[in-house]
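Next come the chains, spelled out residue by residue.
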Amino acid sequence: MAVSPLDVRFAARALAAGGVIAHPTESVWGLACDPNNRDAVERLLRLKDRPLAKGLILVSGDEGDFSPLLDNLTGNQLQQLHRTWPGPVTWLVPHFGRVPPWISGAHHSVALRCTDHPFTAALCRAFGGAIVSTSANPAGAQPARHRYQVLRYFGGALDFVGGGTTGGRSSPSEIRDLVSGDIVRPAT
């Protein structure tokens with residue numbers, strides 16, 4: 001899948017300016033913002049009508065962007081991550097207070113995914129780190145699988161919509177708890 005360098009640049013600039021954008025992921029379109037910008041995160045949550053307490057996923061194409069959050073993991077836990085990354089598995093990892101509450105919500109863990117989607121990985125590189133990425137849909141609606149659905153849901157409320165197509169997977173990423181080993185959301 002071809003990645004437009006121009007789309008990557010525009011999307012990264014919008015994120016750096018505090019914007020909320022839509023981008024394709026492995027299976028659905030996502031809404032993204034700068035995880036360190038509380039105003040941007042709160043705007044994203046309002047757009048989705050998503051409660052803060054649920055927490056959000058941090059995504060990057062480079063596991064190194066998660067280094068501070070992986071420092072306290074055991075060798076076994078790191079091996080589990082490495083067996084699935086990069087790829088469509090999101091892991092719940094203890095955060096030990098290293099992420100702001102607007103990311104972790106009411107949880108002692110943070111959701112991390114090292115993506116293999118070319119646009120999303122390039123976007124994170126251009127932005128300079130991990131981004132918030134959550135499915136592009138209002139609460140209760142089906143996640144957008146195409147750009148036109150993103151536009152139907154959010155119209156002109158986003159600062160950028162682009163980046164090509166999804167990776168073609170049929171379901172959103174599987175979510176696993178690294179400590180308990182439980183599958184929180186199975187891949188269907």
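Residues numbered from 1 in each chain as written. Predicted model: local features only at pLDDT ≥ 70, side-chain atom pairs only at ≥ 80, totals over all residues. Heavy atoms only, no water.

With that settled, consider helix H7 (residues 147-154). Those residues of H7 that fall on the buried side of the exposure criterion are Gln149, Val150 and Phe154. Down the axis, H7 shows its buried residues gathered within 110 degrees of arc, on one side only. Along H7, the residues that are exposed and aim more than 90 degrees away from the buried face are Tyr148 and Arg152. Just downstream of H7, Gly155 is the residue with a positive phi angle, here 50 degrees. (Buried < 20%, exposed > 50% of the residue type's maximum accessible area, 1.4 Å probe, protein only. Helix = DSSP H or I, 4+ residues; strand = E, 2+ residues; numbered from the N terminus. Arc of directions from axis to C-beta.)

We now examine the sheet that holds strand E7 (residues 160-161). Taken in spatial order, the 9 strands make up an open sheet running E7-E1-E2-E6-E3-E5-E4-E8-E9, and their pairing is mixed. With one partner strand each, in any of the chains shown, E7 and strand E9 (183-185) form the two edges of the open sheet. When strand E8 (residues 174-177) meets E9, the two strands line up antiparallel, connected through 2 bridges. Looking across to E9, one finds that Ile175 is bridged to Arg185. (Pairing = 2+ DSSP bridges.)

This paragraph deals with the packing of aromatic side chains. The full count for this structure, using the stated rule, is 2 aromatic pairs. Judged by centre distance (5.7 Å) and plane angle (45 degrees), the ring pair of Phe66 and Trp85 falls under tilted. Here the residue Phe66 occupies a position in the loop between strand E3 (57-60) and helix H3 (67-70), and Trp85 occupies one in the loop between helix H4 (75-84) and strand E4 (89-94), the gap between them amounting to 19 residues. A single burial state applies to Phe66 and to Trp85, both of which are buried. Ring centres 6.1 Å apart and planes at 70 degrees place the aromatic pair Tyr153 and Phe154 in the edge-to-face group. (Phe/Tyr/Trp six-rings, centres within 6.5 Å; stacked < 30°, edge-to-face > 60°.)

Here we come to the nonpolar core. If you look at the biggest cluster of nonpolar residues, it comprises 35 residues, and the most contacted ones within it are Leu58, Leu112 and Val150. Sort the elements by how many residues they give to this core and helix H2 (residues 38-48) lands first, with 4 residues. Those residues in contact with Val150 that lie beyond four places of it in its chain are Ala22, Trp29, Ala136, Ala144, Gly155, Leu158 and Val161. Counting residues in each nonpolar core, the second largest holds 13 residues, with Val8, Ala122, Leu123 and Phe160 among its members. (Core = buried A, V, L, I, M, F, W, Y, C linked by side-chain atoms within 4.5 Å. Contact = heavy atoms within 4.5 Å.)

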